[in-house]
Amino acid sequence: MIIGIPKEQPGERRVALTPAGVKTLVRAGHTVMVESDAGTPSGISDKEFVEAGGQIVFSHEEAIRRVDFLLKVGAPTDAEYDMLNRDQIVFSFFHLAVADKLHVEKLMQKHIAAVGLETIETETRRLPVLHTMSEIAGQLSIMVAAQLLECNSGGRGILLGGLPGVPAASVVILGGGVVGHHAAQTALGLGAQVLLMDADLEKLQTIDRLFSKKITTIIANEYNIAKALQFADVVIGAVLIHGAKTPKLITESMVKTMKTGAVIIDVSIDQGGCVETSRPTNPKDPFFVKHGVIHYCVPNMASSVARTATFALNNVLLPYILEVAGSGVDTVEKINPAIRRGLYTFQGKCLHPKIVELFELK
């Protein structure tokens, strides 16, 4: 099979595979075409891909049109959707819940086997690819928050972990999944006061056990969220509704009650954001201030540590790529169940119930 790795759009620094991944695919008998400089933002040179057996191409269109199996990290752009060929296999973080309906229709019209990296799901309901990126995002969210609390960023001038005799920052985490767990672990490690909220009591019980009661846990409801935000120095939005748009659990009226110079990190922005005042930002202009509160809403946070994220992505994704490249996707029955659960479209049909409902598809 011919596999293509195009250069990502500005702002997305990750690349779908490392040279080691390319070498594994080539040894399995596949051809891997890598667009020139695709790995540069992750610190991987064209030479390394060539030494691994990859073929360098110098046209973005060639890296997309000439391949059977396209590997992308960021969701395709309008122009890239137009470049896709009929019956191609495409792996990408599509995030179709916040995409344009036209994109879904193009995938269906071209009979694309579109696998959302964020929706690959094991039998135990684990999202292996998203899990890996969420681990990174959880840790990064606290590191970013610590910097934004500094006076130079317009923050409250608070050291996240405080000092003897000086209180640490209050960190409120909304969501007890992978992002929330790793954010809590990082914040606690730096000495912050951590309050974690989730609507799932069982999840809170697990967090309570894992952290030996060092983290305060509270059921997430409108009343409790509103109360918690009033004293928070940092709020981490770590809500995920699998395959669907994130609900706005933090309203604008709640944001107005927060301290001036407090920080919101809306990690959920990839799926629309869980804060009513959030809007997507970018690495060059990562935050804005509204109602006196600093909002950081950069999608795909893991991209800011591109090399770590790329190698982590390669580790979790390569077995799935090998399997699909080896067996193809002629019928649904031939597809690994985890990949099948990640299929958005296949043979002209949309298979994801939430996307069908969202866009009122047949």
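Right, let's walk through the structure included here. Here the structure is a predicted model, which is why all the values come from computation and not from measurement.

Cut-offs applied
Residues numbered from 1 in each chain as written. Predicted model: local features only at pLDDT ≥ 70, side-chain atom pairs only at ≥ 80, totals over all residues. Heavy atoms only, no water. Salt bridge = Lys/Arg side-chain N within 4 Å of Asp/Glu carboxyl O. Helix = DSSP H or I, 4+ residues; strand = E, 2+ residues; numbered from the N terminus. Buried < 20%, exposed > 50% of the residue type's maximum accessible area, 1.4 Å probe, protein only. Core = buried A, V, L, I, M, F, W, Y, C linked by side-chain atoms within 4.5 Å. Contact = heavy atoms within 4.5 Å. Polar contact = N/O pair within 3.5 Å; in protein donor to acceptor, adjacent residues only side chain to side chain. Pairing = 2+ DSSP bridges. Phe/Tyr/Trp six-rings, centres within 6.5 Å; stacked < 30°, edge-to-face > 60°. Axes fitted to C-alpha atoms, helices over the stretch in contact; angles between N-to-C directions. Parallel < 35°, antiparallel > 145°, perpendicular 65-115°, else oblique. Left-handed = near helix turned anticlockwise from the far one by under 90°. Nonpolar A, V, L, I, M, F, W, Y, C, P; charged D, E, K, R; others polar.

1. Let's talk about the pattern of salt bridges
Opposite charge on two side chains allows them to pair when their charged atoms are near.
So, step 1. A complete count under the given rule lists 10 salt bridges for this structure.
So, step 2. We note a salt bridge from R14 to E12, for which the minimum N-O separation is 2.8 Å.
So, step 3. One salt bridge in this structure joins K259 and D233, with 3.2 Å as the shortest N-O distance. Taken together, the residues K259 in the loop between α10 (252-256) and β11 (263-266) and D233 in the loop between α9 (222-231) and β10 (234-237) connect sequence positions 26 residues apart.
So, step 4. Owing to a relative accessible area of 4%, D233 belongs among the buried residues under this scheme.
So, step 5. One salt-bridge network, held together by shared partners, links E8, K72 and E80.

2. Overview of the nonpolar core
So, step 1. Counting 78 residues, the largest nonpolar core has F69, L71, F91, V171, I236, I265 and L317 as its most contacted members.
So, step 2. Those residues within four positions of I236 in sequence are excluded, and the remaining contacts are S141, I142, V171, V172, I173, L174, A183, I265 and V267.
So, step 3. The next biggest cluster of nonpolar side chains, apart from the first, holds 23 residues, and it includes Y81, A97, M108 and I112.

3. Re the environment of K259
So, step 1. In this structure K259 comes out as partly exposed when scored by relative accessible area, which is 24%.
So, step 2. Spatially, the C-alpha atoms of K259 and D233 are 7.1 Å apart, while their sequence positions differ by 26 residues.
So, step 3. Leaving out residues up to four positions away in the same chain, K259 has contacts with R156, Q230, F231, A232, D233, G292 and V293.
So, step 4. Polar contacts involving the side chain of K259 include one to the main-chain carbonyl oxygen of F231, which spans 3.0 Å.

4. Details of unusual backbone geometry
So, step 1. A positive phi is found at H291, a non-glycine position, where the angle reads about 55 degrees.
So, step 2. Residue placement: H291 occurs in the loop between β12 (287-290) and β13 (293-296).
So, step 3. H291 gets classed as partly exposed once you look at its relative accessible area, which sits at 34%.
So, step 4. One non-glycine residue, E360, lies in positive phi territory at about 50 degrees.
So, step 5. Mapped onto the secondary structure, E360 falls in the segment after α13 (353-358).

5. So, the environment of V255
So, step 1. Topologically, V255 is positioned in helix α10.
So, step 2. The exposure class assigned to V255 is buried, which follows from its relative accessible area of 0%.
So, step 3. In this structure the C-alpha to C-alpha distance between V255 and T132, which are 123 residues apart in sequence, comes to 30 Å.
So, step 4. Look past the residues within four positions of V255 in its chain and what remains in contact with it is I250, I264, V275, T277, K290, H291, V293 and H295.

6. Quick word on the sheet that holds strand β6 (residues 113-116)
So, step 1. Judged by pairing direction, the sheet is mixed, and its 8 strands sit side by side in the order β3-β2-β1-β4-β5-β6-β14-β15 without closing on themselves. The open sheet terminates on both sides in strands that have one partner only, identified here as β3 (55-57) and β15 (349-350).
So, step 2. Alignment of strand β4 (residues 69-71) against strand β5 (residues 89-92), held across 3 bridges, turns out to be parallel. Considered in β5, the bridge of L71 is made with F91.

7. Digging into the packing of aromatic side chains
So, step 1. Here the structure, examined in full by the defined rule, presents 2 aromatic pairs.
So, step 2. Taking the centre distance of 5.0 Å and the plane angle of 75 degrees together, the rings of F69 and F91 count as edge-to-face. Residue F69 is found in strand β4, and its partner F91 is found in strand β5; the two are separated by 22 residues along the sequence. Here the two residues F69 and F91 agree in accessibility, since each one is buried.
So, step 3. Aromatic pair F94 and Y344: ring centres 6.1 Å apart, planes at 85 degrees, arrangement edge-to-face. With a gap of 250 residues between them, F94 in the loop between β5 and α5 (101-109) and Y344 in strand β14 (residues 343-346) connect regions that are remote in the sequence.

8. Observations regarding the side chain of H103
So, step 1. Inspection of the secondary structure assignment puts H103 in helix α5.
So, step 2. If we ignore the near neighbours within four places in the chain, the residues touching H103 are D78 and Y81.

9. Let's talk about the packing of helix α1 (residues 19-27) against helix α11 (residues 306-327)
So, step 1. The geometry of α1 relative to α11 is characterised by a closest axis approach of 10 Å and an angle of 15 degrees between their N-to-C directions. With respect to α11, the element α1 is oriented roughly parallel. As α1 packs across α11, the resulting crossing turns out to be right-handed. Here G21, T24 and L25 of α1 lie close against α11, whose contacting residues are N314, L318, I321 and L322.
So, step 2. Here the contact of α1 with α11 is built from residues that sort into 4 nonpolar, 3 polar and no charged.

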